[in-house]
Amino acid sequence: MKRVLLMCLLMLSYACAPVVCPGEKEVRSRYSEDTAPKNYEAFTSLRYGILRVPIYIEKSEEKYTIRSPQTGTVLLKDSNLCVNATCLDLPVNPDGLIFGALLRGDEKPSCSFGTITFERDDQMYKRKYIFSNGELKRVELTDKNRDRILILEYGDRSKEGYYKRVKASLGDMTFLFTVDELKRR
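Quick notes on the rules
- Residues numbered from 1 in each chain as written.
- Predicted model: local features only at pLDDT ≥ 70, side-chain atom pairs only at ≥ 80, totals over all residues.
- Heavy atoms only, no water.
- Helix = DSSP H or I, 4+ residues; strand = E, 2+ residues; numbered from the N terminus.
- Buried < 20%, exposed > 50% of the residue type's maximum accessible area, 1.4 Å probe, protein only.
- Contact = heavy atoms within 4.5 Å.
- Areas by Shrake-Rupley, 256 points an atom, 1.4 Å probe, with all protein chains shown as cover.
- Patch = residues over 30% accessible without salt bridge, like charges linked within 9 Å, V, L, I, M, F, W, Y side chains within 5 Å.
- Salt bridge = Lys/Arg side-chain N within 4 Å of Asp/Glu carboxyl O.
- Phe/Tyr/Trp six-rings, centres within 6.5 Å; stacked < 30°, edge-to-face > 60°.

### Some points on the overall build of the chain
- Summing up its helical and strand segments, the chain has three helices and 13 strands in all.
- A burial count over the chain gives 35% of its 185 residues as buried.
- Relative to all contacts within the chain whose residues are 6 or more apart in sequence, the contacts with residues 24 or more apart total 40%.
- For the chain, the exposed area adds up to about 11,900 Å²; of that, 56% sits on carbon and sulfur atoms.

Shown next, in the form of structure tokens:
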């Protein structure tokens, strides 16, 4: 009888215990939005098929200046992109693309066999960040208004701490975002 009671108590405590994934704290601290440098310059490019568009990104404190031959100069604050009178709320800012600095701290974790997934649901997007063996591998951003999924697949991280290559897929379109050179200031 004591064994049955002990088993019931163990099962109850296990069912009520919060989910703790091994390596969760390290992943949260390494990929937090706060881990991106405050100032840098990045010479990047966006490729679609054989087309290649060079893009210069400069971050100074919390503001970004983005320049390309096609768009001219565009200013970005956090993830709000404003061109003339039109503003867009982007799902990922340049820090998220370049450094993988995506986690705010309010995401819900789940884990299985070396993979940790963090999920967050806000007004516009359902976000899923997937890490394998402590490294960012994939981000799935579901636009709740348009019912579309943007998938970002991250390559290897450089020794300087940034991702040289991120593949973005939206439906049948695939883009390749590359960092050609990065200077911290």
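### A short note on a nonpolar patch on the surface
- A cluster of nonpolar side chains, contributed by Tyr48, Ile50, Leu51 and Met173, occupies part of the molecular surface with about 450 Å² of accessible area.
- Ile50 gets classed as exposed once you look at its relative accessible area, which sits at 86%.

### Things to note about the environment of Pro109
- If you trace the backbone, Pro109 turns up in strand β7 (residues 108-112).
- For Pro109, a relative accessible area of 24% gives the class partly exposed.

### With respect to the pattern of salt bridges
- By the definition in use, this model includes 14 salt bridges.
- In this structure, the salt-bridge partner of Lys59 is Asp95, at a minimum N-O distance of 2.7 Å. Of this pair, Lys59 sits in strand β2 (residues 51-60) while Asp95 sits in helix α3 (residues 94-98), placing them 36 residues apart in sequence.
- Given a relative accessible area of 2%, Lys59 falls into the buried group.
- Asp95 sits in the buried class, given a relative accessible area of 4%.
- The partner of Asp143 in a salt bridge is Arg146, and the shortest N-O contact between them spans 3.6 Å.
- Accessibility expressed as a relative area gives 8% for Asp143, which makes it buried.
- Arg146 gets classed as exposed once you look at its relative accessible area, which sits at 57%.

### Description of the packing of aromatic side chains
- This model, assessed by the stated rule, comprises six aromatic pairs.
- Taking the centre distance of 4.9 Å and the plane angle of 55 degrees together, the rings of Tyr31 and Phe131 count as tilted. In this pair, Tyr31 sits in the loop between α2 (24-30) and β1 (39-48) while Phe131 sits in strand β9 (residues 125-132), placing the two residues 100 residues apart along the sequence.
- The exposure class assigned to Phe131 is buried, which follows from its relative accessible area of 2%.

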